[in-house]
Amino acid sequence: MKLTLTEFLTLDGVSQGPGSPEEDTSDGFTRGGWFVPHLDEEFVRLAATWLGEADAFLFGRRTYVNFARDWPKITDPDDPFAGILNGLPKYVASHSLTKADWNPTTILSQDVPAQVAELKRQPGRELQIHGSAQLAQSLLAAGLIDTLRLVIAPVVVGHGRRLFPDGGAPAGLRLLSNETTPGGLAVHIYESAGLPEYGTYGADA
């Protein structure tokens with residue numbers, strides 16, 4: 001399977017709490033919900049298309065707990081996301097969870113990069129990460145993420161956890177496509193391209 005990451009970001013790179021002010025208030029974060037005002041039908045269509053490529057999901061603990069609390073309550077057969085999220089196999093990377101009731105779920109608690117590498121060797125289309133920025137950082141550093149779908153909202157929140165923090169591992173990316181939605185979301189899709197390349201600008205460059 002290909003490992004893909006879908007991440008919502010602000011213009012200043014924050015990935016924390018896109019869905020509501022109460023979604024993630026850790027470290028005193030009070031500016032959650034910044035993504036919601038920019039949702040529109042075009043983005044919902046895009047997101048449903050991406051979700052339709054999944055054969056399994058991979059989450060960090062915090063994102064898993066939030067999803068496991070909310071998505072099983074959505075039973076509308078016409079919802080474009082709930083049936084897929086609730087029905088497909090899920091994996092959660094956590095050293096603290098002892099049980100995971102959002103079935104079917106498997107807890108990955110040992111060498112997570114090695115276990116994810118093994119999952120990628122299984123047949124299938126996409127193993128998808130949604131949110132879970134800290135997990136994504138570690139897997140990007142390990143060279144395991146194949147595709148990044150970054151959805152950037154036109155907002156600056158000023159503080160919060162970032163997908164690419166200072167001191168993070170360097171990574172080269174290759175742009176595959178980009179588009180914007182009527183609500184102002186900028187959608188950039190990249191594939192991993194190893195380490196970054198560097199050069200010097202000059203007259204002979």
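Just so it is clear, the model here is predicted, and its values are computed rather than measured. (Residues numbered from 1 in each chain as written. Predicted model: local features only at pLDDT ≥ 70, side-chain atom pairs only at ≥ 80, totals over all residues. Heavy atoms only, no water.)

Caption draft 1: Focus on the overall build of the chain. A count of helices and strands for the chain gives five helices and eight strands. In terms of overall size, the chain behaves like a compact globule, its C-alpha atoms giving a radius of gyration of 17 Å where 205 residues would be expected to give roughly 17 Å. Once local pairs closer than 6 in sequence are excluded, the contacts in the chain between residues at least 24 apart make up 69%. Only carbon and sulfur atoms are counted for the fraction: they give 53% of the accessible area of the chain, which is about 10,900 Å². Once the 16 positive and 25 negative side-chain charges of the chain are each reduced to a mean point, those two points are 5 Å apart. (Helix = DSSP H or I, 4+ residues; strand = E, 2+ residues; numbered from the N terminus. Rg over C-alpha atoms; globule rule 2.2 N^0.38 Å. Contact = heavy atoms within 4.5 Å. Areas by Shrake-Rupley, 256 points an atom, 1.4 Å probe, with all protein chains shown as cover. Lys, Arg positive; Asp, Glu negative; His and termini not counted. Charge placed at Lys NZ, Arg CZ, Asp CG, Glu CD.)

Caption draft 2: Representation of the UniProt feature "domain: Bacterial bifunctional deaminase-reductase C-terminal" (unreviewed entry) in the chain. Here the UniProt-annotated "domain: Bacterial bifunctional deaminase-reductase C-terminal" (unreviewed entry) positions come out as residues 2-185. Measuring from the first to the last C-alpha atom of residues 2-185 gives 25 Å, for a span that is 24% helix and 23% strand. (UniProt positions renumbered as here; feature names shortened; annotations may be inferred.)

Caption draft 3: Region of interest: the sheet that holds strand E7 (residues 173-180). Read from one edge to the other, the open sheet built from eight strands follows the order E4-E3-E2-E5-E1-E6-E8-E7, with strand pairing classed as mixed. Edge positions in the sheet fall to strand E4 (105-108) and E7, since each of these pairs with one other strand and no more. Each neighbouring strand pair of the sheet contributes to a mean axis angle of 20°, computed without reference to strand direction. Taken together, the five bridges between strand E1 (residues 2-9) and strand E5 (residues 126-130) define a ladder with parallel strand orientation. If you follow Thr-6 over to E5, its bridge partner there is His-130. (Pairing = 2+ DSSP bridges. Axes fitted to C-alpha atoms, helices over the stretch in contact; angles between N-to-C directions.)

Caption draft 4: Structural view of the layout of surface pockets. Space inside the largest pocket adds up to approximately 1,100 Å³. What lines the largest pocket is a set of 38 residues, among which Phe-8, Pro-18, Glu-23, Thr-63 and Phe-67 lie closest to the centre. Elements with a minimum of two residues in the lining of the largest pocket: E1, helix H1 (41-51), helix H2 (61-70) and helix H5 (133-141). With seven residues, H2 is the single largest residue contributor to the lining of the largest pocket. (1 Å grid on protein atoms, 1.4 Å probe; cavity = no way out; pocket = protein on both sides within 12 Å on 5 of 7 lines; lining within 4 Å. Points joined across faces, edges and corners; volume = space filled by probe spheres on them.)

Caption draft 5: Structural context of the environment of Glu-23. When you line up the elements, Glu-23 lands in the loop between E1 and H1. Classification of Glu-23 as partly exposed rests on a relative accessible area of 27%. Spatially, the C-alpha atom of Glu-23 lies 30 Å from that of Lys-120, the residues being 97 residues apart in sequence. Ignoring sequence-local partners within four residues, the contact set of Glu-23 consists of Gly-17, Pro-18 and Asn-66. (Buried < 20%, exposed > 50% of the residue type's maximum accessible area, 1.4 Å probe, protein only.)

Caption draft 6: Structural detail: the pattern of salt bridges. Within the structure shown, the criterion is met by ten salt bridges. The closest approach of N and O atoms between Glu-42 and Arg-45, which form a salt bridge, is 2.6 Å. Residue Glu-42 and its partner Arg-45 are located together in helix H1, separated by three residues, close to a single helical turn. Three or more residues are tied together by salt bridges with common partners; here these are Asp-24, Arg-62 and Arg-161. (Salt bridge = Lys/Arg side-chain N within 4 Å of Asp/Glu carboxyl O.)

Caption draft 7: Spotlight on the environment of Gly-83. Mapped onto the elements of the fold, Gly-83 is located in helix H3 (residues 82-87). The spatial distance from the C-alpha of Gly-83 to the C-alpha of His-130 is 16 Å, given a sequence separation of 47 residues.

Caption draft 8: Structural detail: helix H4 (residues 112-120). Of all the residues in H4, the buried ones are Val-112, Val-116, Ala-117, Leu-119 and Lys-120. Buried residues of H4 fall within an arc of 160° about the axis and therefore sit on the same side. Buried residues in H4 make contact with E1, strand E2 (54-60), strand E3 (90-93), E4, E5 and H5. (Arc of directions from axis to C-beta.)

Caption draft 9: Region of the structure containing the packing of aromatic side chains. With the rule as written, the count across this model stands at twelve aromatic pairs. On the basis of an interplanar angle of 55° and a centroid distance of 6.2 Å, the ring pair of Phe-59 and Tyr-64 is categorised as tilted. Judged by its relative accessible area of 0%, Phe-59 is buried. Aromatic side chains Phe-67 and Trp-71 sit 6.5 Å apart centroid to centroid with 55° between the ring planes, which places their arrangement in the tilted category. (Phe/Tyr/Trp six-rings, centres within 6.5 Å; stacked < 30°, edge-to-face > 60°.)

Caption draft 10: Region of interest: the environment of Tyr-91. With respect to the helices and strands, Tyr-91 occurs in strand E3. Since its relative accessible area comes to 14%, Tyr-91 is described here as buried. Along the primary structure Tyr-91 and Leu-108 are separated by 17 residues, whereas in three dimensions their C-alpha atoms are 6.7 Å apart. Apart from residues no more than four positions distant in its own chain, Tyr-91 is found in contact with Ala-56, Phe-57, Leu-58, Phe-59, Thr-106, Leu-108, Leu-119 and Leu-127.

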